[in-house]
Amino acid sequence: MRYLVISLALAVLFLCSCKPGSSHGDITSEMAYEGVNNYCHKNYDWSAAKKNASMMYVAIEDETETEYQVTFRSYTGSFVYFYVDKASGATRMVEYVPALDIESEAGSINLWDYLNKEN
């Protein structure tokens, strides 16, 4: 009986220690880049970049213990910073317009929705 109680307690502890939303596994920097790049190509007009590819880009900019910062630069000169949670894929977006020095929350996405099905 004692072993049953200990086993049950360990099973509950194990199940409760799982990270919410991490059933897919942790996000790598390559996955963060791929998902944000896919999102940006789906949701922004890239036709201006056909003549000058350097005017629009997606790049990994920073990394902390819990998130990646991926930056999208638009042909307008504005930036969208994507803060990708490494554990869940929840991604917060912040838009910054340097010419006006305006920064604003721009929404959120689930990175998993923009990754190839193989990941």
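Notes on the structure in this doc start here. (Residues numbered from 1 in each chain as written. Predicted model: local features only at pLDDT ≥ 70, side-chain atom pairs only at ≥ 80, totals over all residues. Heavy atoms only, no water.)

Most of strand β3 (residues 79-85) sits out of view: six of its seven residues are buried. Sheet analysis places strand β2 (residues 67-73) next to β3, joined by seven bridges and oriented antiparallel. Counterpart to Val-70 in the pairing with β3 is Phe-82. Between β2 and the antiparallel strand that follows it, β3, lie five residues; Gly-77 among them carries a positive phi value of about 95°. In this structure, the hairpin formed by β3 and strand β4 (residues 90-97) is closed by a connection of four residues, where Gly-89 is found at a positive phi of approximately 90°. (Buried < 20%, exposed > 50% of the residue type's maximum accessible area, 1.4 Å probe, protein only. Helix = DSSP H or I, 4+ residues; strand = E, 2+ residues; numbered from the N terminus. Pairing = 2+ DSSP bridges.)

This part is about the sheet that holds β4. The strand order across the open sheet built from five strands is β1-β2-β3-β4-β5, with neighbouring strands paired in antiparallel fashion. The outermost strands of the open sheet, each flanked by one partner alone, are β1 (57-63) and β5 (102-110). With strand direction ignored, the average angle separating the axes of adjacent strands in the sheet is 25°. Contacts between helix α2 (residues 29-43) and the sheet are confined to β1, β2, β3, β4 and β5, with β1 contributing the most and set at about 145° to the helix. (Axes fitted to C-alpha atoms, helices over the stretch in contact; angles between N-to-C directions. Contact = heavy atoms within 4.5 Å.)

Shape descriptors only; they carry no functional weight alone.
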